[in-house]
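Structural description and commentary
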Amino acid sequence: MDTALPPTATQRLLHDLRRNYFASPLGSLVTAVSVGLTLLVLWKVLDWAVLSATFDPAARQPECAANGGACWSVIANRWRLIIFGIYPYEEQWRSALAIVAVIVMMVLSCIPRFWSLKRLTAIWGIGAATFYILMKGGVLGLREVGEEQWGGLCLTLFLFVATSLLGMPLAIGLALMRRSEMPVISKVTGWFIDCVRSLPLLAILFTFAIVLPFMLPGFLIGEKLYRVVIGGALFFAAYQAEIIRGGFQGIGRGQEEAAKALGIPYRHRITRIVLPQTFRLALPATINQFVITFMETSLVVVVGFVELLAAGSAAYGTGDWKFAYVEVYAFISLIYFTFVFGLSRYGAYLERRMNVGRR
């Protein structure tokens, strides 16, 4: 009778290391050199960012140069510009609350208890309305602040939320129309999607921001920011519609035909049978589309908006801080990483919970 105990996690790890990385002298040498270089780079980054860094808000280039590390005093002095852009200084508390409202909205959306259409609609509707009222003002005794003064992280979050809120329902509608049994609707929708996808996002943003006002009557022009959001939402919807259509094809028509044979109305067939399975199959690509959308908000700088990246450029664009551009971009990268990595890990959690990719 075999009484040997199963290997522990540490033993399995050591076995895998020996088999995969130290199986031969050459492999051992490559592994050792790679690990050594990695540790050296990490030590250099740690020394620059923490050990030899300057954190005194009053420090300037001479003091920072003497220490030889990062000069985080630029963040201490210019963080308001990075986060709030050119929003009026005395009203920046509203921008801070607006950011909190968006973060709370996203967190609540990640809790399984709120995973229903009505609850998610209420959360996103209330969160978006709260954000807009705080940023725009003009009601509840709040001073009105024009969209041309929005900027920094606040503007980036607004663009992401507004594009997602408008683009996702439009994407679902386009995907349903493209699979329509009426050839005219299906072909026209497919033509529209292909036309939008054939254009770069920069061209669409430039068209909606600069060109469109020359083609529309005055009462339809509206604010440039909203035109940019509509252009971004169309771009998002075109790509997301194809992702959803791929999910439709993954489940086939058998279940929908069975539901039709049972007399289930079209609305219930789509909302209760087809779409839930479709989004389960399309979940990885959908999360990726949200990540891309968040990153692409930086492109609005070409049409004159001071979003997060442009606000960072302005933060070191003065004579006192021109030397500290690395620190500013490192701080901005950390902000992007926090949001994008959090979104990616939430997508991975959803995949595990829904058993995506498993039969």
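Residues numbered from 1 in each chain as written. Predicted model: local features only at pLDDT ≥ 70, side-chain atom pairs only at ≥ 80, totals over all residues. Heavy atoms only, no water.

**Thoughts on the overall build of the chain**
Along its length, the chain carries 16 helices and one strand. With the C-alpha coordinates aligned to their principal axes, the bounding extent of the chain is approximately 85 × 75 × 40 Å. Within the chain, contacts between residues at least 6 apart in sequence are counted, and of these 67% link residues at least 24 apart. For the chain, the distance from the average site of its 32 positive side-chain charges to the average site of its 21 negative ones is 11 Å. (Helix = DSSP H or I, 4+ residues; strand = E, 2+ residues; numbered from the N terminus. Contact = heavy atoms within 4.5 Å. Lys, Arg positive; Asp, Glu negative; His and termini not counted. Charge placed at Lys NZ, Arg CZ, Asp CG, Glu CD.)

**Some remarks on helix 8 (residues 183–197)**
Across its 15 residues, helix 8 extends 21 Å between first and last C-alpha, which sits within 8% of the 21 Å expected from 1.5 Å per residue. Those residues of helix 8 lying buried are Ser186, Thr189, Gly190, Ile193 and Val196. Buried residues in helix 8, looked at end-on, bunch into an arc of 130 degrees, giving them a common side. Away from its buried face by more than 90 degrees, helix 8 exposes Pro183, Val184, Lys187, Val188 and Trp191. On the buried face of helix 8, the contacting elements are helix 7 (152–178), helix 9 (201–211) and helix 11 (224–251). (Expected span 1.5 Å × (residues − 1). Buried < 20%, exposed > 50% of the residue type's maximum accessible area, 1.4 Å probe, protein only. Arc of directions from axis to C-beta.)

**Focus: the side chain of serine 109**
In this structure, serine 109 sits in helix 5 (residues 92–109). According to the relative accessible area criterion, serine 109 is buried, its value standing at 11%. Among the polar contacts made by the side chain of serine 109, one reaches the side chain of tryptophan 124 at a distance of 2.7 Å. Among residues more than four places away in sequence, those in contact with serine 109 are Trp115, Leu120, Ile123, Trp124 and Tyr346. (Polar contact = N/O pair within 3.5 Å; in protein donor to acceptor, adjacent residues only side chain to side chain.)

**Quick word on the nonpolar core**
Ile82, Trp150, Leu153, Phe158 and Val328 are the most contacted members of the largest nonpolar core, which has 78 residues in total. The element best represented in this core is helix 7, accounting for 15 residues. Ignoring anything within four residues of it in the chain, the contact list for isoleucine 82 reads Ile75, Gly152, Leu153, Leu308, Ala311, Gly312, Ala315, Val328, Phe331, Ile332 and Ile335. (Core = buried A, V, L, I, M, F, W, Y, C linked by side-chain atoms within 4.5 Å.)

**Considerations on unusual backbone geometry**
Not every positive phi belongs to a glycine, and leucine 140 is a case in point at roughly 55 degrees. Following the sequence through the fold, leucine 140 ends up in the loop between helix 6 (117–136) and helix 7.

**Details of the confidence of the model for the chain**
Confidence along the chain averages 84 in pLDDT terms, with 92% of residues attaining 70 or more. Ranking the elements of the chain by mean pLDDT puts helix 1 (residues 9–20) last with 66 and helix 8 first with 91. (pLDDT = per-residue confidence, 0-100.)

**Here's the deal with the environment of isoleucine 264**
Summarising the element assignment, isoleucine 264 is placed in the loop between helix 12 (254–261) and helix 13 (266–281). Note on isoleucine 264: relative accessible area 27%, which makes it partly exposed. Taking the C-alpha atoms as reference points, isoleucine 264 and leucine 170, 94 residues apart in sequence, are found 24 Å from one another. If we skip the residues at most four places from it in the chain, isoleucine 264 touches Ala259, Arg269 and Ile273.

**Concerning the packing of aromatic side chains**
As enumerated under the stated definition, the model contains 17 aromatic pairs in all. Taking the centre distance of 6.1 Å and the plane angle of 70 degrees together, the rings of tyrosine 132 and tryptophan 150 count as edge-to-face. With tyrosine 132 in helix 6 and tryptophan 150 in the loop between helix 6 and helix 7, this pair connects stretches of sequence that are 18 residues apart. Judged by relative accessible area, tyrosine 132 falls into the partly exposed class, the value being 31%. Look at tryptophan 150 and you get buried, because its relative accessible area is 1%. Between phenylalanine 160 and phenylalanine 290, the ring centres sit 6.4 Å apart and the planes meet at 75 degrees, which makes this aromatic pair edge-to-face. Here phenylalanine 160, found in helix 7, pairs with phenylalanine 290, found in helix 14 (residues 283–296); they are 130 residues apart in sequence, far enough to count as distant. Take phenylalanine 160 and phenylalanine 290: they sit in the same class, and that class is buried. Grouping aromatic residues by their ring pairs yields a cluster made of Phe160, Phe236, Phe290, Phe294, Tyr336 and Phe339. Looking at arginine 179, its charged tip hangs above the ring of phenylalanine 248, at a distance of 4.4 Å from the centre. Of note, lysine 224 hangs over the ring of phenylalanine 305, and the distance from its end group to the ring centre comes to 5.1 Å. (Phe/Tyr/Trp six-rings, centres within 6.5 Å; stacked < 30°, edge-to-face > 60°. Lys NZ or Arg CZ within 6 Å of the ring centre and 35° of its normal.)

**Quick word on a nonpolar patch on the surface**
Taken together, the side chains of Leu26, Leu29, Val30, Val33, Leu37 and Leu40 make up a nonpolar region of the molecular surface, amounting to roughly 580 Å² of accessible area. When you line up the elements, leucine 29 lands in helix 2 (residues 25–51). According to the relative accessible area criterion, leucine 29 is exposed, its value standing at 51%. (Patch = residues over 30% accessible without salt bridge, like charges linked within 9 Å, V, L, I, M, F, W, Y side chains within 5 Å. Areas by Shrake-Rupley, 256 points an atom, 1.4 Å probe, with all protein chains shown as cover. Salt bridge = Lys/Arg side-chain N within 4 Å of Asp/Glu carboxyl O.)

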